[in-house]
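What follows is each chain in one-letter form.
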Amino acid sequence: QVQLQESGPGLVKPSQTLSLTCTVSGGSITTNYYYWSWIRQPPGKGLEWMGAIAYSGSTYYSPSLKSRTSISRDTSKNQFTLQLSSVTPEDTAIYYCARTPGRWYPDQYEYDYWGQGTQVTVSA
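To start, this report covers the structure provided alongside it. (Residues numbered from 1 in each chain as written. Predicted model: local features only at pLDDT ≥ 70, side-chain atom pairs only at ≥ 80, totals over all residues. Heavy atoms only, no water.)

It is worth spelling out the overall build of the protein at this point. What the protein contains, in helices and strands, is 0 helices and 11 strands. Helices and strands in the protein line up, N terminus first, as β-β-β-β-β-β-β-β-β-β-β. By the compact-globule yardstick of 14 Å for 124 residues, the protein fits well, its C-alpha radius of gyration being 13 Å. With the C-alpha coordinates aligned to their principal axes, the bounding extent of the protein is approximately 40 × 25 × 25 Å. The buried share of the protein, reckoned over its 124 residues, is 40%. When contacts within the protein are restricted to residue pairs at least 6 apart in sequence, long-range pairs at least 24 apart make up 57% of them. Carbon and sulfur atoms form 46% of the exposed surface of the protein, whose accessible area is close to 6,300 Å². Charge separation in the protein, taken as the distance between the mean sites of 9 positive and 8 negative side-chain charges, equals 5 Å. (Helix = DSSP H or I, 4+ residues; strand = E, 2+ residues; numbered from the N terminus. Rg over C-alpha atoms; globule rule 2.2 N^0.38 Å. Buried < 20%, exposed > 50% of the residue type's maximum accessible area, 1.4 Å probe, protein only. Contact = heavy atoms within 4.5 Å. Areas by Shrake-Rupley, 256 points an atom, 1.4 Å probe, with all protein chains shown as cover. Lys, Arg positive; Asp, Glu negative; His and termini not counted. Charge placed at Lys NZ, Arg CZ, Asp CG, Glu CD.)

Written out as structure tokens, the structure reads:
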């Protein structure tokens, strides 16, 4: 069974870069035709898809976050990472990684596996 686990600092200062890693077990991030996404949920708000990296290595980003977001992967470790630059308190949220089967696009909120989520607070 596929498992995803988020990791990274829980506290980030404004203007710094938020960096998170998703470690995947039970399945390869290079397997056709899956997409691997980062999703977040700010306090009191709904889920927001941030971006994804495909089995091929291609990346896709939410237009609202594209300028600040970078997703990459390390296939040798079966991990993919999120970097969100120039953070503000508005970026405080629970951050999730998740998998999308290939019959859907990763921004359609159809995920078959999720990580447990990790709280990230942006504060001075």
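Anyway, onward from the coordinates.
The next point concerns the pairing of strand E5 (residues 48-54). Here E5 lies mainly inside the structure; 6 of its 7 residues are buried. Pairing between strand E4 (residues 35-41) and E5: 6 bridges, direction antiparallel. When the sheet's bridge partners are listed, Ile 39 is paired in E5 with Trp 49. Alignment of E5 against strand E6 (residues 59-61), held across 3 bridges, turns out to be antiparallel. The partner of Ala 52 across the bridge, within E6, is Tyr 60. The turn joining E5 and E6, which pair antiparallel and follow one another in sequence, is formed by 4 residues; a positive phi near 100° is taken by Gly 57. (Pairing = 2+ DSSP bridges.)

Remark: a regular strand shows side chains that alternate across the two faces of the sheet. The sheet contact formed by strand E3 (residues 18-25) and strand E8 (residues 79-84) spans 6 bridges and is antiparallel. Each bridged residue has a counterpart across the sheet, and for Leu 18 the counterpart in E8 is Leu 84. Here strand E7 (residues 69-74) runs beside E8; their pairing, made up of 6 bridges, is antiparallel. Bridge pairing in E8 links Asp 74 to Gln 79. Taking the residues between adjacent antiparallel strands as the criterion, E7 and E8 are bridged by 4 residues, where Asn 78 takes a positive phi near 55°.

Here we take up the state of the cysteines. Applying the stated criterion across every chain, the model contains 1 disulfide. Paired through a disulfide, Cys 22 and Cys 97 show a sulfur-sulfur distance of 2.1 Å. Between Cys 22 and Cys 97, the S-S dihedral sits near 70°, and the bridge is therefore right-handed. Here Cys 97 lies in strand E9 (residues 93-100) and Cys 22 lies in strand E3, a separation of 75 residues in the sequence. For the pair formed by Cys 22 and Cys 97, the shared burial category is buried. (Disulfide = S-S within 2.5 Å.)

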